[in-house]
Amino acid sequence: KQEVTQIPAALSVPEGENLVLNCSFTDSAIYNLQWFRQDPGKGLTSLLLIQSSQREQTSGRLNASLDKSSGRSTLYIAASQPGDSATYLCAVTSSNTGKLIFGQGTTLQVKP
Amino acid sequence: NAGVTQTPKFQVLKTGQSMTLQCAQDMNHEYMSWYRQDPGMGLRLIHYSVGAGITDQGEVPNGYNVSRSTTEDFPLRLLSAAPSQTSVYFCASSVLAGGGEQYFGPGTRLTVT
């Protein structure tokens with residue numbers, strides 16, 4: 001059974017710092033991996049989608065990498081800002097079931 | 001292009017009542033799904049559909065019904081609400097199962113007393 005783990009569960013950093021969020025998954029049979037952002041009381045906003053054949057994707061200050069063989073992904077946020085404060089979720093789409101499996105998320109606080 | 005819309009935003013039900021959570025998308029996506037989000041449990045799949053007329057169960061389907069009569073709409077029905085169904089419900093859609101980026105609605109916050 002596919003399991004997705006995100007470490008750490010919470011992170012607090014000063015503004016301007018570069019940071020890395022980690023995601024690991026137990027089964028490498030995936031179609032893709034997606035990173036989402038969720039603000040308190042809001043829905044999920046897609047940040048980056050990495051197909052299983054890709055190694056990384058970039059959008060602005062965000063860079064996500066995927067190492068399918070080791071079951072790991074990282075989300076790198078450069079020059080963090082208070083507006084980046086949110087919960088970040090990673091999810092994989094299982095190629096066995098076609099279903100999206102979520103991690104528990106990392107709650108990020110960026111202090112001014 | 002409104003994306004994925006959900007109504008209502010908030011709902012309070014008494015135990016035993018029934019209701020329908022509405023979900024619609026205007027992106028012509030074939031794949032639609034419903035999740036519930038609970039503290040400490042993350043997001044869990046309730047039901048999903050790979051196209052009009054086709055639905056299947058997810059991880060936590062008990063107490064919920066779905067149907068998909070059109071590509072655009074995917075309502076979730078609570079047959080007899082229970083306090084354990086207090087949660088935030090999200091609808092999502094993508095071009096196809098497995099290959100596409102998933103788009104989520106804003107959620108419905110349901111409380112069952």
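Residues numbered from 1 in each chain as written. Chains lettered and ligands numbered in written order. Predicted model: local features only at pLDDT ≥ 70, side-chain atom pairs only at ≥ 80, totals over all residues. Heavy atoms only, no water.

Q: Help me out: how do you make sense of the overall build of chain A in this one?
A: For chain A, the count of helices and strands is 0 helices and 11 strands. Counted from the first residue to the last, chain A has its helices and strands arranged as β-β-β-β-β-β-β-β-β-β-β. In terms of C-alpha radius of gyration, chain A reaches 13 Å, essentially the compact-globule figure of 13 Å for 112 residues. Within chain A, the fraction of its 112 residues that count as buried is 43%. Across chain A, every contact between residues at least 6 apart in sequence was considered, and the portion connecting residues at least 24 apart equals 54%. Accessible area for chain A stands at about 5200 Å²; split by element, carbon and sulfur atoms hold 47% of it. The centroid of the 9 positive side-chain charges in chain A is displaced by 5 Å from the centroid of its 8 negative side-chain charges. (Helix = DSSP H or I, 4+ residues; strand = E, 2+ residues; numbered from the N terminus. Rg over C-alpha atoms; globule rule 2.2 N^0.38 Å. Buried < 20%, exposed > 50% of the residue type's maximum accessible area, 1.4 Å probe, protein only. Contact = heavy atoms within 4.5 Å. Areas by Shrake-Rupley, 256 points an atom, 1.4 Å probe, with all protein chains shown as cover. Lys, Arg positive; Asp, Glu negative; His and termini not counted. Charge placed at Lys NZ, Arg CZ, Asp CG, Glu CD.)

Q: Teacher, can you tell me more about the state of the cysteines here?
A: Covalent bonding between the sulfur atoms of two cysteines is what defines a disulfide. All names here are of chain A. Within this structure, the stated rule accounts for 2 disulfides over all chains. Between the sulfur atoms of C23 and its disulfide mate C90 the distance is 1.8 Å. Taking the sign of the S-S torsion, 55° for the link of C23 and C90, the bridge is right-handed. Highlighted residues: C23 in strand 3 (residues 19–25) and C90 in strand 9 (residues 86–94), separated in sequence by 67 residues. As far as burial versus exposure is concerned, C23 and C90 are alike and both buried. (Disulfide = S-S within 2.5 Å.)

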